[in-house]
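# Observations on the model geometry
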Amino acid sequence: MSSHILSLLIFIPAAGALLMLIGHRFISGNEASEDSGKTADFHKWIAAVFTGFQLLLSVWLWLSYVPNGGIQFQEHHAWIQSFNIEYFLGVDGLSLPLIVLTALLSFIGVVSSWNIKKSVLGYFSLLLLLDTAMMGVFCSLDFFLFYVFWELMLLPMYFLIGIWGGPQRMYAAIKFFLYTLLGSVLMLLAMLALYFYTEPHSFNLIAMIQSGAAIRDTFWGMDIRMLIFVALFIGFAIKVPIVPFHTWLPLAHVEAPTAVSVILAGVLLKMGTYGLLRINYPLLPDQVYIFAWSIALLGVINIIWGALNAIAQIDLKKMVAYSSVSHMGYVLLGMAAVVSTSAAGSQAGINGAVMQMFNHGTITAMLFLLVGVIYEKVHHRYIFFPKDYKDPELAGKLAFGGLAGQLPIYSGFVALAFFAGLGLPALSGFISEAMCFIGGFSVFRTLTIIGTLGILLNAIYFLRSYMHIFLGPVSNAYKGLKDMNGRELLTIVPLAIIVIALGVYPKLMLDVISPTMNSLIKLVQSMAMMVGIN
Amino acid sequence: MSNFSSIAFYLPELLLVLTILAVIVVDLIPGLKRFNWIIALAGIVFTGVLLYGDSGVSESLYLGTIASDPFAYFFKWIFLIAGFFTILVSRHTHALRGADLPEYNALLLIVVFGLFLMASATNLVTVYLGMIETVSLPSYVLAGILKNDRKSNEASLKYVIFGAFSSGLMVYGFSWLYGLTGSMSLSGIQQGLAGVQEPLALYMAILLVLAGFGYKISMVPFHFWTPDVYEGSPTPITGFLSVAPKAAGFAILMRFFYSVFTTNSLTTIAGVDWLTLIALLSAVTMTFGNLIALQQENVKRMLAFSSIAHAGYMLMALSILSPDAIKAVMVYLTMYLFMNMGAFFMVIFAENQLNAHTLEDWKGLGRKAPFLGALMVILMMSLTGLPPSAGFVGKLYLFAVVIASKKFYWLAIVGVLNSVVSLFYYFRIVKAMWLFSPADPKPVKADSVIGLSILLFTIPALLLGIYWTPIINLIDKSIGF
């Protein structure tokens, strides 16, 4: 049982999707009526039960994981012998938090989509397929397998945005698809190059790391190691997204339905930084040294640029989307600190980066869920109405105001999420952001000092939008609003608990990730020495 | 081997010829006329049975003009599968209802026979016979079989003109080769060329020969016929032309270039660098095909341009001299057979049931026929080359050849960027099918034969992307010529 737990974790949602497709025919009869109540309920419950089971499994995985035990729960089978492709799964301290995050957000995504009306079968089966793909990415230790899962995410995401999204959904869907595909095809070439440089040829990431140092070649006068690093980096950077590859993100977020935004921001963005840490760092450590300053610079640009954009937004969801760009910048800054000569600095940076990945996942999920809650109630999410709003009387005016008195529970959770987002101490975001800055400061002083401005900018847009929405006199239009219901609370409360718990007691998370990440730091630093940089 | 003793190794082809005759004769007997398609299909099936018995034989037949070898054997299966389903599906194509089907079936079988010849030809005369006489001439008629359709007439005429032009160039190239070496057989020419002192003359011959083959695989700049012929021909014929003659074109191209313009130690002959030429043509072909496909509104025409791009991808591997390159092209052709013909069957379905031709007509098709619509998504995914699908595996092998050689990295980059471009137009079809609501949401049902054919071609298009070891094992056995 335990040796197949990762396969189980990956394919449970896919099995659920299959069951839905089969069950649909039996329940609705042959003439498929467009989702009567009974079939819709069936699909929802299947999705909830399967993702719920996956969540329980992932928690069990967390509990039985031994922090100092290296890669665990391995599964190793030959898949395509002629190309030496393996079905190789495993978990370590880097992937474990993200696996739990994926399972959690998938379950929450299903619960928060309970009111979906349009093609329920399609929606939930695609959501489950997406879940399978995401889980596969985090569990794979074979580059080819990783790539297959990586690409498998695109198709369900395309449909989820394209069918169930907002008015500009088609443009947003194809833009997302094209951007990420552009990144991943470059990754494909880098992957093939690495395969042929590995002796004996293999996609096994462990084997690749072992022979990574031996790659010495030039192409048109350029170091092949640098070319591979850059190709991989662009692929992952688009996913993060690193400015200037970020333009797909606000659009996709604004158009996507709530649950998809949650998963997009909560899980998919992490794949970019996960890929960098999983593949670029151990494979080409000397290039990490060469590019560390650039990564830190890009991180700081992300922090500032994302925050400045967020300040300029009048659409709450777009503001949250840009805040993600800003928050992912902290991860990059922390990651760049791997080159720090002080052990404390590099450890704080890398561990902080991984923690920030998890924390941002939970915080941004809360933010998007809360935006979704208000959107469902009032069918818009403007802080200010735009100047060309359809109702000229409202155009340019303040949209909300004084909701705190109307929706006390809601405004409380929003306050928690906003404060977590701006990095208030005792909430999880503070710990990881501080660690990223500590790490960054030990190497890149000036950059980090500029980066800390981001905290201030974050505070500006979060506090200002909170003021505009919840404080002041309440407008008559929103007098009769009801507060959050039980289902909505079910999605928010677990996240809130995690945010507070990790803010007060970050050791819970650090104990799991730090052994793995500290050995990654050692690996990178010693391998870089071996290759001859540093 | 002498003519007489060769017959024992030529039974599949002979059975095909008999089938052709039978179809023609049956056409003349009033009571039996309607059974002609059964005879045609049965002929193909039994040819397959005979072919199956042939496996593993490597003989040079008919005084060295035709080879029976594993390489040809592999391609013959592609032709048989394509031919079988084309005949089957044609009967259920509404647009072909007025056409004279016995004649049509006979012509199609002649083309299949010609393709057999092309894949196994080892002499300049048989190359020409196979390519022009037995494949091209009946194809011209098939393209124009809808006598009252102006587009079909246009297709036929364009096909003839471009075909005649490029085969003229090719024959001229053959005459250079003959003049340089004094031999008609491919192996004789190779030996003769080894001592040739005029690289310019040889380069000329290569260019001219490439014109003829390039026409068959619709390589830029010999592609001009492709969109109009594909659009005007009856759709089953379009599907067939986009796969089978293209496969045969690649078969002859690989055999010719590897056994004539390549020395036995895998270097280009007499130092003439035709590899860079192929690399350039590959880049131009895929880029051109994809960029023009972007602007198409007619689904069939879009697929036609995209088939030009696919030829470009395959040429990419041929710019590298290695056995892996041949293998990669064969893998790609196998995958391409399933995904491309599947897509054309879907076009037939849309034309039959909804008279849908443009993307506008396709809007909401996924909602009207969810199952087939989902299959079409898999086919489009496969044609784009997204994992897990057959098309991705095909591309994987092509790119692997280029990357492994460490030679044309730029070509690999052009190739992947083209894949991204192709996503845009393939997903325009997906978008039309699924992201729009249909004007009339009434479900449509496919003709069972068409629906089943789509399913039968989609299953490998997906499964071969997940597990393709059997195909690789088959191809590994089929590389020698």
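Residues numbered from 1 in each chain as written. Chains lettered and ligands numbered in written order. Predicted model: local features only at pLDDT ≥ 70, side-chain atom pairs only at ≥ 80, totals over all residues. Heavy atoms only, no water.

Looking only at helices and strands, chain B features 21 helices and two strands. Taken over the C-alpha trace, chain B has a radius of gyration of 21 Å; the compact-globule value for 481 residues is 23 Å, and the two agree within 12%. Expressed as lengths along the three principal axes of its C-alpha atoms, the size of chain B is roughly 70 × 55 × 40 Å. Sorting the 481 residues of chain B into buried and exposed places 64% on the buried side. Nonlocal contacts in chain B, meaning residues at least 24 apart in sequence, comprise 80% of its contacts between residues at least 6 apart. Carbon and sulfur atoms form 68% of the exposed surface of chain B, whose accessible area is close to 16,000 Å². Positive and negative side-chain charges in chain B, numbering 26 and 22 respectively, have mean positions lying 8 Å apart. (Helix = DSSP H or I, 4+ residues; strand = E, 2+ residues; numbered from the N terminus. Rg over C-alpha atoms; globule rule 2.2 N^0.38 Å. Buried < 20%, exposed > 50% of the residue type's maximum accessible area, 1.4 Å probe, protein only. Contact = heavy atoms within 4.5 Å. Areas by Shrake-Rupley, 256 points an atom, 1.4 Å probe, with all protein chains shown as cover. Lys, Arg positive; Asp, Glu negative; His and termini not counted. Charge placed at Lys NZ, Arg CZ, Asp CG, Glu CD.)

A separate point is the layout of surface pockets. Residue and element names in this part refer to chain A. As a volume, the second largest pocket reaches approximately 1,100 Å³. Surrounding the second largest pocket, 38 residues form its lining, Gly-166, Pro-167, Val-254, Tyr-375 and Arg-381 being those nearest its centre. For the lining of the second largest pocket, the elements supplying multiple residues, two or more each, are α10 (248-255), α11 (258-283), α13 (316-336) and α14 (343-378). Taken together, the residues that form the lining of the second largest pocket break down as 18 nonpolar, eleven polar and nine charged. (1 Å grid on protein atoms, 1.4 Å probe; cavity = no way out; pocket = protein on both sides within 12 Å on 5 of 7 lines; lining within 4 Å. Points joined across faces, edges and corners; volume = space filled by probe spheres on them. Nonpolar A, V, L, I, M, F, W, Y, C, P; charged D, E, K, R; others polar.)

Turning to the pairing of strand β2 (residues 85-91) of chain A, a few remarks are in order. All names here are of chain A. With respect to burial, β2 is a largely interior element, seven of its seven residues being buried. Going residue by residue along β2, you find Ile-85, Tyr-87, Leu-89 and Val-91 tucked away on one face and Glu-86, Phe-88 and Gly-90 tucked away on the opposite face as well. Hairpin connection from strand β1 (residues 72-80) to β2: four residues lie between these consecutive antiparallel strands, with Asn-84 at a positive phi of about 55°. (Pairing = 2+ DSSP bridges.)

Counted under the stated rule, the structure contains 16 salt bridges over all chains. In this structure, a network of salt bridges that share partners links the residues Lys151(B), Glu154(B), Lys158(B), Asp228(B), Glu231(B) and Arg301(B). (Salt bridge = Lys/Arg side-chain N within 4 Å of Asp/Glu carboxyl O.)

Let us now look at the side chain of Arg487(A). Residue and element names in this part refer to chain A. Here Arg-487 shows up in helix α19 (residues 486-504). There is a polar contact of 3.0 Å between the side chain of Arg-487 and the backbone oxygen of Val-111. What Arg-487 contacts, discounting residues up to four positions off in sequence, is Val-111, Ser-112, Trp-114, Asn-115 and Glu-376. (Polar contact = N/O pair within 3.5 Å; in protein donor to acceptor, adjacent residues only side chain to side chain.)

On to the interface of chain A and chain B, then. With 35 residues of chain A in contact, the opposing surface of chain B contributes 36 residues. At the junction of chain A and chain B, the tally comes to two residue pairs in polar contact (both at pLDDT 80 or more). Elements with a contribution of two residues or more to the side of chain A that touches chain B: β1, α5 (143-152), α6 (154-164) and α7 (169-197) of chain A. Broken down by element, the residue count for the side of chain A that touches chain B peaks at 14 residues, all from α7(A). Grouping the constituent residues of the side of chain A that touches chain B by class yields 28 nonpolar, three polar and four charged.

Our focus in this paragraph is a nonpolar patch on the surface. All names here are of chain B. Taken together, the side chains of Val-25, Leu-28, Ile-29, Leu-32, Phe-35 and Ile-38 present a nonpolar region at the surface, about 530 Å² in accessible area. Relative to the assigned elements, Val-25 resides in helix α2 (residues 11-28). Residue Val-25 is classed as partly exposed on the basis of its relative accessible area of 47%. (Patch = residues over 30% accessible without salt bridge, like charges linked within 9 Å, V, L, I, M, F, W, Y side chains within 5 Å.)

A few words on the environment of Phe162(B). Among the secondary structure elements, Phe162(B) is positioned in helix α7 (residues 150-181). Remark: the alpha-carbon pair of Phe162(B) and Tyr215(B), spanning 53 residues in sequence, is separated by 8.0 Å.

Attention shifts here to the confidence of the model for chain A. When pLDDT is averaged along chain A, the result is 90; 97% of the residues meet or exceed 70. Mean pLDDT values for the elements of chain A range from 80 in strand β3 (residues 218-219) of chain A up to 95 in helix α3 (residues 95-112) of chain A. (pLDDT = per-residue confidence, 0-100.)

All right, on to the packing of aromatic side chains then. For the structure on display, the rule yields 62 aromatic pairs over all chains. Aromatic side chains Tyr158(A) and Phe427(B) sit 5.2 Å apart centroid to centroid with 90° between the ring planes, which places their arrangement in the edge-to-face category. Taken together, the residues span two chains, with Tyr158(A) in helix α6 and Phe427(B) in helix α19 (residues 409-435). With a relative accessible area of 1%, Tyr158(A) lands in the buried category. Assessed through its relative accessible area of 1%, Phe427(B) is described here as buried. Ring centres of Phe213(B) and Phe256(B) lie 5.3 Å apart, and the angle between their planes is 70°; on these two criteria the pair is classed as edge-to-face. Residue Phe213(B) is found in helix α9 (residues 199-216), and its partner Phe256(B) is found in helix α11 (residues 235-259); the two are separated by 43 residues along the sequence. The side chain of Arg91(B) reaches across the aromatic face of Trp37(B), ending 3.9 Å from its centre. Residue placement shows Lys406(B) over the ring face of Tyr197(A); its charged tip is 4.5 Å from the ring centre. (Phe/Tyr/Trp six-rings, centres within 6.5 Å; stacked < 30°, edge-to-face > 60°. Lys NZ or Arg CZ within 6 Å of the ring centre and 35° of its normal.)

This paragraph deals with unusual backbone geometry. For the bond running from Val240(A) to Pro241(A), omega is -10°, close enough to zero to count as cis. Note on placement: Pro241(A) falls in the loop between α9 (224-239) and α10. Geometrically, the link from Pro387(B) to Pro388(B) is a cis peptide bond, its omega value of -10° lying close to zero. Even without a glycine there, the phi angle at Lys406(B) is positive, about 55°. The topology assignment puts Lys406(B) in the loop between α18 (390-405) and α19.

A pair of packed helices is characterised by two quantities: the angle between their axes and the separation of those axes. Residues and elements named next belong to chain A. At a minimum axis distance of 9 Å, the contact between α14 and helix α16 (residues 408-422) shows a crossing angle of 145°. Taken as a pair, α14 and α16 cross one another with a handedness that is left-handed. Contacts between α14 and α16 pair Ile-363, Met-366, Leu-367, Leu-370, Val-371, Val-373 and Ile-374 from the former with Tyr-410, Phe-413, Val-414, Leu-416, Ala-417, Phe-418, Ala-420 and Gly-421 from the latter. Partitioning the contact of α14 with α16 into residue classes produces 14 nonpolar, one polar and no charged. (Axes fitted to C-alpha atoms, helices over the stretch in contact; angles between N-to-C directions. Left-handed = near helix turned anticlockwise from the far one by under 90°.)

Here we take up the environment of Ala415(A). For Ala415(A), the location among the structural elements is in helix α16. In the structure, Ala415(A) is positioned 47 residues away from Phe462(A) in sequence and 9.1 Å away in space, judged by C-alpha atoms.

Residues and elements named next belong to chain B. Parsing chain B into structural domains produces domain 1 (8-271) and domain 2 (273-481). Relative placement of domain 1 and domain 2: their C-alpha centres are 22 Å apart. Contacts between the two partners involve 56 residues from domain 1, matched on the other side by 53 residues from domain 2. Together, the buried faces of domain 1 and domain 2 total about 4,700 Å²; carbon and sulfur atoms form 77% of this surface. Where domain 1 meets domain 2, there are two salt bridges. In this structure, the salt-bridge partner of Arg-301 is Asp-228, at a minimum N-O distance of 3.0 Å. Our enumeration of links across domain 1 and domain 2 arrives at 17 residue pairs in polar contact (both at pLDDT 80 or more). Considering each element in turn, the side of domain 1 that touches domain 2 owes the most residues, 16 residues, to α11. When its residues are assigned to classes, the side of domain 1 that touches domain 2 shows 34 nonpolar, 17 polar and five charged. (Domains from an automatic or database assignment. Buried area = accessible area lost by both parts, 1.4 Å probe.)

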